[in-house]
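Overview (structure and organization)
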Amino acid sequence: LGAAAGAVNTISLSLVGCFPMNDLKSHTRAAMVFFRSGLIMVLFFIVATLLQPVGNEVAPRYTLWFALLTFVAYAAFLVRLRGKSVIQSGEVNIHERRIKERPAFWALAMLEWAIFAANLVWFLSVSAALI
């Protein structure tokens, strides 16, 4: 199940790149699948790691800390939206082609970058542990 969620996550991330911001509706749909499937992927990894038989572990338990950090990043982003799409949240105005005034601190954008960074650190920790 975790691998299936990871596959959906990877495909949806590719689709985010295929649909640029000028096609915001399609971009947002792909992005929301990415964020939701990412949360599920990390949750299944955490559960699988916790349920490993002691002494026959594939992923070391310390990788749970990085997975937990990644889970929190995904969850924080989705909680920020509170079940709405990016368009519905009011953070992005679909009717304006450009943002007139960008906020000094854009929480939603920072949470997106937090997900990116957390994913990289988590993947690196698991990869390093499996070498």
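Let us look at the structure shown here.

Conventions used here
- Residues numbered from 1 in each chain as written.
- Predicted model: local features only at pLDDT ≥ 70, side-chain atom pairs only at ≥ 80, totals over all residues.
- Heavy atoms only, no water.
- Axes fitted to C-alpha atoms, helices over the stretch in contact; angles between N-to-C directions.
- Helix = DSSP H or I, 4+ residues; strand = E, 2+ residues; numbered from the N terminus.
- Parallel < 35°, antiparallel > 145°, perpendicular 65-115°, else oblique.
- Left-handed = near helix turned anticlockwise from the far one by under 90°.
- Nonpolar A, V, L, I, M, F, W, Y, C, P; charged D, E, K, R; others polar.
- Core = buried A, V, L, I, M, F, W, Y, C linked by side-chain atoms within 4.5 Å.
- Buried < 20%, exposed > 50% of the residue type's maximum accessible area, 1.4 Å probe, protein only.
- Contact = heavy atoms within 4.5 Å.
- Patch = residues over 30% accessible without salt bridge, like charges linked within 9 Å, V, L, I, M, F, W, Y side chains within 5 Å.
- Areas by Shrake-Rupley, 256 points an atom, 1.4 Å probe, with all protein chains shown as cover.
- Salt bridge = Lys/Arg side-chain N within 4 Å of Asp/Glu carboxyl O.
- Phe/Tyr/Trp six-rings, centres within 6.5 Å; stacked < 30°, edge-to-face > 60°.
- Expected span 1.5 Å × (residues − 1).

A few words on the packing of helix H3 (residues 63-81) against helix H5 (residues 107-130). For the pair H3 and H5, interaxial distance at closest approach is 8 Å and the crossing angle is 160°. In terms of axis orientation, H3 runs roughly antiparallel to H5. Like other packed secondary-structure pairs, H3 and H5 cross with a definite hand, here left-handed. Residue composition of the contact of H3 with H5, grouped by class: 18 nonpolar, 4 polar and 2 charged.

On to the nonpolar core. Of all hydrophobic cores here, the largest spans 27 residues; its most connected members are Phe-35, Val-42, Tyr-74, Phe-77, Ile-115 and Trp-122. Every element with two or more residues in this core is listed here: helix H1 (2-18), helix H2 (24-50), H3 and H5. Ranked by the residues each element gives to this core, the list is headed by H2, at 9 residues. Once residues within four sequence positions are removed from consideration, Trp-122 is found in contact with Met-41, Val-42, Phe-45, Thr-63, Phe-66, Ala-67 and Thr-70.

Residues Leu-43, Val-47, Leu-50 and Leu-51 make up a contiguous nonpolar surface patch of about 380 Å² in total accessible area. Assignment of secondary structure puts Leu-43 in helix H2.

Let's shift gears to the environment of Ile-11. Here Ile-11 lies in helix H1. You can call Ile-11 exposed: its relative accessible area is 53%. Remark: the alpha-carbon pair of Ile-11 and Val-33, spanning 22 residues in sequence, is separated by 9.4 Å.

Counted according to the given criterion, the structure contains 6 aromatic pairs. Arranged with centres 5.2 Å apart and planes meeting at 65°, the rings of Phe-34 and Phe-35 form a pair that is edge-to-face. Here Phe-34 and Phe-35 have matching classes, each one buried. Ring centres 5.1 Å apart and planes at 75° place the aromatic pair Phe-45 and Trp-122 in the edge-to-face group. Residue Phe-45 is found in helix H2, and its partner Trp-122 is found in helix H5; the two are separated by 77 residues along the sequence. The exposure classification of Phe-45 matches that of Trp-122, with both residues buried. Three or more aromatic residues link up through ring pairs in this structure, and these residues are Phe-34, Phe-35, Tyr-74 and Phe-77.

The terminal C-alpha atoms of H3 lie 28 Å apart, and with 19 residues this matches the ideal 27 Å at 1.5 Å per residue to within 8%. Within H3, the full set of buried residues consists of Thr-63, Leu-64, Ala-67, Thr-70, Ala-73, Tyr-74, Phe-77, Leu-78 and Leu-81.

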